[in-house]
Amino acid sequence: MSRLKIYIYDDPILRQVARPVEKITDKIRRLAADMIETMYDARGVGLAANQVGELVRVVTVDTAWSEKRNSKPAARNPLVLINPEILEESAEDESASEGCLSLPEIEGDVWRSLKIRFRYQDLDGNAHEEEATGLKARCIQHETDHLNGILFIDRMAPESRIELAGQLSRLREKFKATVG
Ligand SMILES: [Zn+2]
């Protein structure tokens, strides 16, 4: 396994739509393993393939780990979602602070459904349909957005985005500087 480079705002890949995984090949399995390592290494609760430069519908999530991350030892139980799809979102929603590994140091409140029903395939190609609530539901909504080129800042209230405008433009400048 190896740690992958995390693409930072506003790299265009973060705005592209990832394509479905048609066949779970060794390459996909390796990508998922590397994404898990990268996610833990960066102390994230979720990661989408766009964020590591691959436009395929693969997401890794481990919100339990995050909840426990201040206690030791932290148990790791990563979930790999291939072709995740949100089937239902509860009308009941909640605003909570979010961050993103592709937008370092940016945090802001985002409204998300409290409960979702979603389906995905695992690395063996088995289909699953499950429900998630709370932080896990929030994380899956955030990561599925990534696969569609949507960032959490897009879902923030306009006034929160205005507050972050300075930080966002600094990130953009930094990105431009690295790509020349
Ligand atoms: Zn993110």
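Everything in this summary refers to the structure shown in the same document. These figures come from a predicted structure and were not determined experimentally. (Residues numbered from 1 in each chain as written. Predicted model: local features only at pLDDT ≥ 70, side-chain atom pairs only at ≥ 80, totals over all residues. Heavy atoms only, no water.)

### Some words on the overall build of the protein chain
The condition is simple: Where helices and strands are cited, they refer to DSSP runs of H or I of at least four residues and of E of at least two residues respectively, numbered from the N terminus. Computation of the radius of gyration draws on C-alpha atoms alone. For the globule rule, the value is 2.2 Å times the number of residues to the power 0.38. The cut-offs for exposure are 20% and 50% of the maximum accessible area for each residue type, with area from a 1.4 Å probe on protein chains only; residues under the lower value are buried, those over the upper are exposed, and the others partly exposed. For the purpose of counting charges, residues Lys and Arg are taken to be positive, whereas Asp and Glu are taken to be negative. His and the chain ends are not included. Just so you know, the charge point we use is NZ for Lys, CZ for Arg, CG for Asp and CD for Glu.
Broken down by element type, the protein chain carries 4 helices and 7 strands. Scaling as 2.2 N^0.38, a compact globule of 180 residues should have a C-alpha radius of gyration of about 16 Å, and the protein chain matches this with 16 Å. Overall, the C-alpha framework of the protein chain stretches about 45 × 40 × 35 Å when taken along its three principal axes. Burial statistics for the protein chain: of 180 residues in total, 43% are counted as buried. In the protein chain, which carries 26 positive and 31 negative side-chain charges, the distance between the mean positions of the two groups comes to 5 Å.

### Quick notes on the packing of aromatic side chains
For any pair of aromatic rings, the description consists of the separation of the ring centres together with the inter-plane angle of the planes. Spelled out, the test is: To pair, rings of Phe, Tyr and Trp, with the six-membered ring standing in for Trp, must have centres within 6.5 Å; the planes then decide the type, stacked if under 30 degrees apart, edge-to-face if over 60, and tilted in the middle. Both a distance and an angle decide whether a charge sits over a ring: NZ of Lys or CZ of Arg must be within 6 Å of the ring centre and within 35 degrees of the ring normal.
Counting across every chain of the model gives 1 aromatic pair. A cation over a ring is seen here: Lys5 above Tyr7, with NZ or CZ 4.2 Å from the ring centre. Taking the ring centre of Tyr40 as reference, the NZ or CZ of Arg76 above it sits at 4.2 Å.

### Looking at the coordination of the zinc ion
Under ideal tetrahedral coordination, the four donors around a metal are separated by 109.5 degrees; under ideal octahedral coordination, the six donors are separated by 90 or 180 degrees. The criterion, for reference: Coordinating donors are taken to be N, O and S atoms lying within 2.8 Å of the metal, or within 3.2 Å when the metal is Na, K or Ca; because water is excluded from the atom set, some sites may appear incomplete.
Taken together, Cys100 (SG), His142 (NE2) and His146 (NE2) make up the full set of protein donors to the zinc ion, lying 2.0 to 2.2 Å away. Positions of the donor residues of the zinc ion along the chain correspond to the pattern C-x41-H-x3-H. Here the residue Cys100 occupies a position in the loop between strand 4 (93–98) and strand 5 (108–113), and His146 occupies one in helix 3 (residues 134–147), the gap between them amounting to 46 residues. Residues Cys100 and His146 agree in their burial class; the two are buried.

### What to know about helix 3
Here is the rule: A helix is expected to reach a length of 1.5 Å times the quantity of its residues less one.
With 14 residues, helix 3 should cover 20 Å at 1.5 Å per step; its first-to-last C-alpha distance of 21 Å lies within 8% of that length. The buried fraction of helix 3 is high, at 11 of 14 residues. Residue Gly149 follows helix 3 closely and has a positive phi angle near 80°.

### Comments concerning the side chain of Arg138
Quick reminder of the rule: By the criterion applied in these results, polar contacts are pairs of N or O atoms within 3.5 Å in which, for protein atoms, one can donate a hydrogen and the other can accept it, and in which residues neighboring in sequence qualify only through two side-chain atoms.
As for its position among the elements, Arg138 is in helix 3. A polar contact is formed between the side chain of Arg138 and the backbone oxygen of Glu94, at a distance of 2.8 Å.

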